[in-house]
Protein chains: 2
Amino acid sequence: MKILHRFTRFLKNLSIPQGRKTAPDAISKPKDTQAPHHDVAAPLVVRQNEEHDCAAYTDLKKQFRDIGRIGAVAETLGRDFLTAMPEGAWKSRLSQIAYMHRLMHEKMTDRTIAGQIDRAKSHLENNNDNWDEWDRANLQEIERSHRRAACIDGELTETEARLAYEGRRHHRNMLAAGDWMQAREFLSRTIDMKCRVADATCRATGKNSAYDVLLDEFMPGVSQGDLEGWFKTIKTGFDKILPQALEKQSKESEPLPITDYYPAKAQMWLNRALLKAIDFDFERGGLYETGHNPVEGGTPDDTRLVISTADTSNFMDSLKSTLHEGGHGLYIQGLPRKTWRYQPVAQDMGAAMQESQALLIDMIVGRSPAFFEFLSPRMEGLFHGLKNPVLSARNLYKLRTQVKPTMVRRKADEITYFYHILHRFRLERDLIGRRLKVADLPEAWNAGMEDLLGVQPQSYAEGCLQDVHWFVGKFGYFPSYATGHMLAAQQFAALSKDIPNIDAQIASGDFLPLTNWLRENIHQQGRVKDMDTLMKNATGSNITPKHLLSHIENRYVRAA
Amino acid sequence: MKILHRFTRFLKNLSIPQGRKTAPDAISKPKDTQAPHHDVAAPLVVRQNEEHDCAAYTDLKKQFRDIGRIGAVAETLGRDFLTAMPEGAWKSRLSQIAYMHRLMHEKMTDRTIAGQIDRAKSHLENNNDNWDEWDRANLQEIERSHRRAACIDGELTETEARLAYEGRRHHRNMLAAGDWMQAREFLSRTIDMKCRVADATCRATGKNSAYDVLLDEFMPGVSQGDLEGWFKTIKTGFDKILPQALEKQSKESEPLPITDYYPAKAQMWLNRALLKAIDFDFERGGLYETGHNPVEGGTPDDTRLVISTADTSNFMDSLKSTLHEGGHGLYIQGLPRKTWRYQPVAQDMGAAMQESQALLIDMIVGRSPAFFEFLSPRMEGLFHGLKNPVLSARNLYKLRTQVKPTMVRRKADEITYFYHILHRFRLERDLIGRRLKVADLPEAWNAGMEDLLGVQPQSYAEGCLQDVHWFVGKFGYFPSYATGHMLAAQQFAALSKDIPNIDAQIASGDFLPLTNWLRENIHQQGRVKDMDTLMKNATGSNITPKHLLSHIENRYVRAA
């Protein structure tokens, strides 16, 4: 094997092409001037491949590296499915993706794993000093992944994985046709399947709420009860703010509408330029278009943001999608890839934290007056509209912050968005809890919209068929948006204290301090802490809705 | 599991989107009017998933289906590597591709496989009637794959797989820099590795020629001795034809050179249109551009042809690449995917047969007067040159069939191309046989070029660094080109008899009879026969160089 080893080493030495700089993980030194909660930094050595004192743990790391690799492969197959794949390949591709998930499941539930976990845990108990915070968290996440996987069988895992992509296709067709009867049957079976997954998990883990089990995938440690508490506080606040915001708005002149022609190429240039401005690394990712719904995803080495094809009559939609997916992208790229790469501890904290990063860029920053101060003059040049009042900072800001109760979540403003989420949270909780029948969903949907926002969908397409989530089996995902919005507001409040001139920086297009704050406090943390501790370290307090309330009140009621 | 099964079935029923037609494998019925050698047609049922009387064989099919899936995944990762992947992802992507190959190797060498093969073989012996030609060939290919894989270990497999993509990058850099010293070290180690692979295979299989073992990957059943025999005959013939062709050419006026500007978009439209004309299925494939070398590849469901980015000063290069890769693409798409899908018997017959399909379209058809009769008027329209003499059928034909000994294989004409291949065949045979040292390669290269074609490379880039093959470990591939050219001429001679008005059809742009002949006689056969039998069935005679000689003599010496 000597020659082979020399050869492998030789390949390795050649691996860095001339002229390419491979930046190390952007690990900042603790700043003396910062609050004491900024004390965690990812370690500088490659921990994934490090021999640990505990052989069983070293072996677990190796096995989870391989599982992580298969996961990255499945992710790439999925990006390709949505962007470059010829249509006729979709059936075989689905089987390939599903098979990758079966392989991961096989490896995760391998009968040796449980014993290794036990040995590692007992080693940890007896040799506490040899286990730092990251190792401990990694072992915990390994156990969590193993236990979740062990609750269900390989066939069910394959079915779930197929659904994640197959459902996108079916939803697209059913939405276009407004075909509720087909959707109803599809949803019934999907819910049956998710309930089987959740029930099996409950039985195996001793939990008793199916919905809590599903939530756990998207926000580890957060229960239905937590959400009900937060959402109640937000609703009480928003119920007061919404009429005030509408009244304030009615006293102002209407913004000028966007009516011009905005070439798709120019839009895509703008979108890419803004991603560069927030320091998204195009060396390790890109922006792609799709005929499907936009999605977040990819891996830290290959983060592909996928948005809908640019609409030439309105640049705002692709801009919004880009900022949203860009927030996700920064999070993915900022994970501790060089140190922990494929290990469970190096993954993101789930959908709620993901959405906080997306909504911080998309809603908190991307709809601020400062952002449009920066954007407006560039848009005048790009879209050939020197001094065009439609493109003025004030007009763009007004357009983007107009409040109006409407039917469609994806087009909702920053206030009514919450009601859309609350509505879906209540419905899916009751669907999974078997208190609401799928057959009764359209009626319940329309009644809820009437009750919460006083609007009535005129079709399934603007009613219960509008979102892809349930059709790909994502029950428990929706609350991540409202939770994410809440986390984003809390993070922005904290970073505004750490970076006092943040507004001026945004207005001048300098997003780097913002991005670096997120990197240090959120992205580089991976899963080393639970969500509440992470937020406490980053912001100085536990998770709380109060910053979302004050952000919304400031922007929509108090601001001039 | 009842609900789950219902659900899976439900998904399956939904699987064919409305309005999409999924054509069955184009399986032709045996024609009464045809010669008796056209008696093989792929069966119409899905054989891959069929329960066989022999349980061990059913199980082997299942395992090789999974291996085939992983292979398809690795193929997609590779296409993506060359086209869409962000540059910074390349290192992790290499590890993922290599890991897929390790997984395949693990499954192929699983200790249960050998026993299953033995049981299946003994079942075959005792129940001959239950095994049709396809099952027998499939079992034979399963055994062959298993034996080859078992000769080497997983680590070496990973190293080989990495090299296939890593070598492309390094070759690109070393070629651009003309860096022989780096190339020399790289090649030495690559040859060491290939020799280790070949020696281990010799030891395990009782063979005694390392080069034969390497050849076997590209042309199963063909030995160095076979090649030497064929090539001697071809050389003897070509040595006579070449001076005659040059003399004939010297008496004619020179063709008008291509000097205009040919927009890349127009070229790519033309390339795609021609692929459609030869019936390449864009529903199951596409044409992509790359900064790397062009490659054939993909799977029958997802066949991506990858060519270099169009050169706006000469449309001929991208046209040639498209026809060449298009020939590969037709072969891949025409394999018996619906019946045998991922099974070894459904794979192509290796590089020589692959190249025959590429060169039949690229050289035999794509440089014929009839082809340019079809192309010329369309080019006048596309490139805005009504009655432009450069674009006349005669001029294009003359340009494409000009004979001139030069240094670079990829730009060589149809006659001197053979000498380039013969040259490389001799060198790699001696490199692998340890009779030629890598350090002496440049000298041997230049001496051979002088000897065979009377030209002397002025740089490494137009000498021994020009080709990527050795740098990705493909020793034994080069002879596939000359062998493929020979097979192509033999196939074209046979199909010209079966389709008497073939020239008129090509001139009118009707390529379907040609493509269908290839589908029926070559593509749909997969690996059900050995190469010689396949050729005999398709053309009525064993493999012979005589059709290549008469084709070349007709086109370059006899034609008006």
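The structure displayed is predicted, hence computed values, not measured ones.

(A) Molecular detail of the packing of helix H9 (residues 224-250) of chain A against helix H21 (residues 546-558) of chain A. All names here are of chain A. Two elements in contact, H9 and H21, have axes whose closest approach is 9 Å; the angle formed by their N-to-C orientations is 5°. Here H9 lies roughly parallel to H21, going by the angle between them. Every residue of H21 that contacts H9 at Ile234, Gly237, Phe238, Ile241, Gln244, Ala245 and Lys248 is listed here: Leu548, Leu549, Ile552, Glu553, Tyr556 and Val557. For the contact of H9 with H21, the class distribution of residues is nine nonpolar, two polar and two charged.

(B) Focus on the interface of chain A and chain B. Taken together, the contacts link 48 residues of chain A with 49 residues of chain B. Listed by contribution, the elements that provide at least two residues to the side of chain A that touches chain B are helix H1 (2-14), helix H2 (55-83), helix H3 (90-108), helix H6 (154-177), helix H7 (180-205) and strand S1 (285-290) of chain A. For the side of chain A that touches chain B, the per-class residue count stands at 19 nonpolar, twelve polar and 17 charged.

(C) Spotlight on the relation of the copies chain A and chain B. You can overlay chain A on chain B at an RMSD of 0.0 Å; the transform is a turn of 180° with a shift of 0.0 Å along its axis. With respect to symmetry, the two chain copies, as superposed, fit the operation of a two-fold axis. Interface residue correspondence from chain A to chain B reaches 100%, placing this contact among same-surface, isologous pairings.

(D) Just the domain arrangement of chain A, in detail. Residues and elements named next belong to chain A. The assigned domain composition of chain A is domain 1 (55-151) and domain 2 (224-558). For domain 1 versus domain 2, the distance between C-alpha centres works out to 30 Å. At the interface, 19 residues of domain 1 touch 17 residues of domain 2. For the side of domain 1 that touches domain 2, the secondary structure elements donating two or more residues are H2 and helix H5 (133-151). Per-class residue counts for the side of domain 1 that touches domain 2 are six nonpolar, six polar and seven charged.

(E) Representation of the pairing of strand S2 (residues 303-308) of chain B. Residues and elements named next belong to chain B. The buried fraction of S2 is high, at five of six residues. Here strand S1 (residues 285-290) pairs with S2 via six bridges, running parallel. Bridged to Gly286 within S2 is Arg304.

(F) Examining unusual backbone geometry more closely. Backbone geometry at Arg341 of chain A places phi at a positive 35°, although glycine is not the residue there. Relative to the helices and strands, Arg341 of chain A is located in the loop between helix H11 (315-334) and helix H12 (351-365). For Arg434 of chain B, which is not a glycine, the phi torsion comes out positive at approximately 65°. Its location among the elements puts Arg434 of chain B in the loop between helix H16 (416-432) and helix H17 (441-453). Exposure remark for Arg434 of chain B: the 10 C-beta atoms within 10 Å place this residue in the exposed category.

(G) Looking closely at H7 of chain A. Residues and elements named next belong to chain A. Taking 1.5 Å as the rise per residue, H7 with 26 residues should run 38 Å; its terminal C-alpha atoms sit 36 Å apart, in good agreement. Listing the buried residues of H7 in full gives Ala183, Phe186, Leu187, Arg189, Thr190, Ile191, Met193, Lys194, Cys195, Val197, Ala198 and Thr201. Once H7 finishes, Gly206 follows within two positions and takes phi at roughly 80°, a positive value.

(H) The environment of Leu175 of chain B, seen in detail. Residue and element names in this part refer to chain B. Mapped onto the secondary structure, Leu175 falls in helix H6 (residues 154-177). C-alpha of Leu175 to C-alpha of Ala461: the two residues are 286 residues apart in sequence and 5.8 Å apart in space. Those residues in contact with Leu175 that lie beyond four places of it in its chain are Ala461 and Leu465.

(I) Layout of the nonpolar core. Counting residues in each nonpolar core, the largest one holds 271 residues, and the members touching the most others are Val73, Met100 and Ile432 of chain A together with Val73, Met100 and Ile432 of chain B. Excluding anything up to four places from it in sequence, Ile432 of chain A contacts Ile191, Lys194, Cys195, Ala198, Ala210, Tyr211, Leu214 and Phe475 of chain A.

(J) Representation of the packing of helix H4 (residues 111-126) of chain B against helix H5 (residues 133-151) of chain B. Residue and element names in this part refer to chain B. Close contact between H4 and H5 brings their axes to 11 Å; oriented N to C, the two are set at 150°. In terms of orientation, H4 and H5 fall into the roughly antiparallel class. Taken as a pair, H4 and H5 cross one another with a handedness that is left-handed. Along its contact with H4, which presents Ile113, Ala114, Ile117, Ala120 and Leu124, the element H5 presents Arg136, Leu139, Ile142, Glu143 and His146. Here the residues of the contact of H4 with H5 sort into seven nonpolar, one polar and two charged.

(K) Local environment of the confidence of the model for chain A. Residues and elements named next belong to chain A. Of the residues in chain A, 91% reach a pLDDT of 70 or more, and the chain-wide mean stands at 90. pLDDT under 50 marks residues 1-44. Its contacts with residues more than four places away, or in other chains, come to 54 contacts. Overall fold confidence for the complex sits at a pTM of 0.87, while the interface term, ipTM, reaches 0.85.

(L) Focus on the environment of Ile67 of chain B. Residue and element names in this part refer to chain B. Counting through the fold element by element, Ile67 comes out in helix H2 (residues 55-83). Taking the number of C-beta atoms within 10 Å as the measure of exposure, Ile67 has 24 and is therefore buried. Sequence separation between Ile67 and His105 is 38 residues; the distance between their C-alpha atoms is 8.5 Å. Contacts of Ile67, omitting those with residues within four sequence positions, involve Met104, Lys107 and Met108.

(M) Structural view of helix H18 (residues 479-498) of chain B. Between its first and last C-alpha atoms H18 of chain B spans 29 Å; for 20 residues at 1.5 Å apiece the expected length is 28 Å, and the two agree. With 16 of 20 residues buried, H18 of chain B lies mostly within the body of the structure.

(N) Region of interest: the environment of Gly178 of chain B. Residues and elements named next belong to chain B. Turning to its location among the elements, Gly178 is positioned in the loop between H6 and helix H7 (180-205). In this structure Gly178 comes out as partly exposed when scored by C-beta crowding, with 13 C-beta atoms within 10 Å. For Gly178 and Ser459, which are 281 residues apart along the polypeptide, the C-alpha to C-alpha distance reads 7.5 Å. Those residues within four positions of Gly178 in sequence are excluded, and the remaining contacts are Ser459, Tyr460, Ala461 and Leu465.

Reading the values: rules and limits
Residues numbered from 1 in each chain as written. Chains lettered and ligands numbered in written order. Predicted model: local features only at pLDDT ≥ 70, side-chain atom pairs only at ≥ 80, totals over all residues. Axes fitted to C-alpha atoms, helices over the stretch in contact; angles between N-to-C directions. Helix = DSSP H or I, 4+ residues; strand = E, 2+ residues; numbered from the N terminus. Parallel < 35°, antiparallel > 145°, perpendicular 65-115°, else oblique. Contact = placed C-beta atoms within 7 Å. Nonpolar A, V, L, I, M, F, W, Y, C, P; charged D, E, K, R; others polar. Least-squares fit on C-alpha atoms with pLDDT ≥ 70 in both. Domains from an automatic or database assignment. Buried ≥ 20, exposed ≤ 12 C-beta atoms within 10 Å, placed from the backbone. Pairing = 2+ DSSP bridges. Expected span 1.5 Å × (residues − 1). Core = buried A, V, L, I, M, F, W, Y, C linked by C-beta atoms within 7 Å. Left-handed = near helix turned anticlockwise from the far one by under 90°. pLDDT = per-residue confidence, 0-100.

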